[in-house]
Amino acid sequence: MTPPPTSLAPDDRLRHEGTALLRGAQAHVDAHAALGGIPPDRVNDRADGWEHSLWDLMEHLRFAQADILEFVRGDYHDKDWPADYWPERDASADDWRQSRAGFFRDLDALVDLVQTADLTAELPHAPGYTVLRQVLLAADHNAYHLGQIVALRRLLGLWPPPER
């Protein structure tokens, strides 16, 4: 891992650190490593004592991250907890592929916000909330569930992932 330049202005440092936090691979597992190399025919497997499958966790991550982006963009609609945040059925290989792609597309959108938005200004549609708060929420939520994915992969004999 390459350390950041030491001469960054405070705003640039915040953007650099926010991006690094979202991308992982520092104190948190990199999302590409956590979600890579999972055989599509194993995404619905469950381990003894675990409530969720890899699919459940992936789709929850995708949905929650998209929900945070909707909120930041001012296009938010209330959803029902927990029904709207967890899948109701098993995944097909195509479901898995689409969910993963959506997660990474929205992760890129969050990184773009970190790079371009006024991070500390209140959101016009949500006084008291900022882009920075929502980015930190997404990074924290992602780290938690990506850690669960790694733990579940270990229990299922799917960790470490194959070499990229």
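In this report, the structure presented in the accompanying data block is examined. In this numbering scheme, every chain counts its residues from 1 along its sequence in written order. Predicted model: local features are reported for residues with pLDDT of at least 70 only, side-chain atom pairs are reported and counted for 80 or more only, and whole-chain, interface and lining totals are derived from all residues. Heavy atoms throughout the structure, all of them, feed into the side-chain values; hydrogens and water do not.

Remarks on the packing of helix H4 (residues 93-116) against helix H5 (residues 131-155)
Packed helices, taken two at a time, are described by the angle between their axes plus the distance between the axes.
Item 1. Each axis is a line fitted through C-alpha atoms, and for a helix only the stretch in contact is used; angles between axes span 0 to 180 degrees, taken between their N-to-C directions. For the purposes of this entry, the term helix denotes a DSSP run of H or I that reaches at least four residues, the term strand denotes a run of E that reaches at least two, and both are numbered from the N terminus. Close contact between H4 and H5 brings their axes to 10 Å; oriented N to C, the two are set at 145°. Once H4 is placed against H5, the crossing between them reads as left-handed. For the pair formed by H4 and H5, the contact residues are Phe103, Leu107, Leu110, Leu113 and Val114 on the first element and Val131, Val135, Ala138 and Asn142 on the second.
Item 2. Across the contact of H4 with H5, the residue classes break down as eight nonpolar, one polar and no charged. Note on convention: the crossing is left-handed when the near helix lies turned anticlockwise from the far helix by less than a right angle, right-handed when the turn is clockwise. By definition in these notes, contact holds between two residues if any of their heavy atoms fall within 4.5 Å. Side-chain classes follow a simple rule in which Ala, Val, Leu, Ile, Met, Phe, Trp, Tyr, Cys and Pro form the nonpolar group, Asp, Glu, Lys and Arg form the charged group, and the remainder, Gly included, forms the polar group.

Some points on the pairing of strand E2 (residues 126-130)
Item 1. By the convention used here, strands pair only if DSSP detects at least 2 bridges between them. Of the strand pairs in this sheet, strand E1 (residues 122-123) and E2 are connected by two bridges, and their pairing is antiparallel. From the neighbouring strand, Leu123 faces E2, where its bridge partner is Ala126.
Item 2. In this structure, the hairpin formed by E1 and E2 is closed by a connection of two residues.

Some points on the pattern of salt bridges
Item 1. For this analysis, a salt bridge means a side-chain nitrogen from Lys or Arg found within 4 Å of a carboxyl oxygen belonging to Asp or Glu. Per the counting criterion, the structure on display carries ten salt bridges.
Item 2. One network of salt bridges, with partners in common, ties together Asp67, Glu70 and Lys79.

Here's the deal with the environment of His16
Item 1. Tracing the backbone through its elements, the reader meets His16 in helix H1 (residues 10-23).
Item 2. His16 sits 60 residues away from Tyr76 along the chain, and the two C-alpha atoms are 27 Å apart.

Here's the deal with the nonpolar core
Item 1. Here, the term nonpolar core denotes a set of buried Ala, Val, Leu, Ile, Met, Phe, Trp, Tyr and Cys residues that are joined through side-chain atoms within 4.5 Å. Exposure is judged per residue with a 1.4 Å probe applied to protein chains only, and the accessible area is read against the type maximum: over 50% gives exposed, under 20% gives buried, and values in between give partly exposed. Core analysis: the biggest nonpolar cluster contains 43 residues, and Leu22, Leu54, Phe103 and Val131 have the highest contact counts within it.
Item 2. For this core, the secondary structure elements donating two or more residues are helix H2 (31-35), helix H3 (54-73), H4 and H5.
Item 3. The element best represented in this core is H3, accounting for ten residues.
Item 4. Ignoring sequence-local partners within four residues, the contact set of Leu54 consists of Ile38, Arg42, Val43, Asp45, Trp96, Ile149, Leu152, Arg153, Leu156 and Leu158.

Things to note about the packing of H3 against H4
Item 1. Running from amino to carboxyl end, H3 crosses H4 at an angle of 35°, the nearest separation of the two axes being 9 Å. In this structure, H3 crosses over H4, and the sense of that crossing is left-handed. Along its contact with H3, which presents Leu54, Trp55, Met58, Glu59, Leu61, Arg62, Gln65, Ala66, Leu69, Val72 and Arg73, the element H4 presents Asp95, Trp96, Ser99, Arg100, Gly102, Phe103, Asp106, Leu107, Ala109, Leu110 and Leu113.

Concerning unusual backbone geometry
Item 1. A cis geometry characterises the amide bond from Trp81 onward to Pro82, with omega recorded as -5°.
Item 2. With respect to the helices and strands, Pro82 occurs in the loop between H3 and H4.
Item 3. Put simply, Trp159 and Pro160 share a cis peptide bond, and its omega is 5°.

Thoughts on the packing of aromatic side chains
By convention here, two paired aromatic rings are described through the distance between centres and the angle between planes.
Item 1. Any two of the Phe, Tyr and Trp rings considered here, Trp counted by its six-membered ring, make a pair once their centres fall within 6.5 Å; the pair's planes then place it as stacked at under 30 degrees, edge-to-face at over 60, or tilted in between. Under the counting rule described, the total for this entry stands at five aromatic pairs.
Item 2. With 5.8 Å between their ring centres and 85° between their planes, Phe71 and Tyr76 make a pair best called edge-to-face.
Item 3. On the basis of relative accessible area, Phe71 is assigned to the buried category, the value being 18%.
Item 4. By relative accessible area, Tyr76 is classed as partly exposed at 29%.
Item 5. Here a set of aromatic residues connected by ring pairs shows up, and it is made of Phe63, Trp81 and Tyr85.

Concerning the environment of Thr120
Item 1. Locating Thr120 in the fold gives a position in the loop between H4 and E1.
Item 2. Through-space distance from the C-alpha of Thr120 to that of Val131 is 6.6 Å; in sequence the pair is eleven residues apart.
Item 3. If sequence neighbours within four positions are ignored, Thr120 has contacts with Thr130 and Leu132.

So, H1
Item 1. Here the expected length of a helix is defined as 1.5 Å per residue gap, with one fewer gap than residues. Under the 1.5 Å per step criterion, the end-to-end length of H1 is 20 Å for 14 residues, consistent within 8% with the ideal 20 Å.
Item 2. Of the residues making up H1, those classed as buried are Arg15, Gly18, Thr19, Ala20 and Leu22.
Item 3. Taken together, the buried residues of H1 touch H4 and H5.
Item 4. Directly after H1, the chain includes Gly24, whose backbone phi takes a positive value near 80°.

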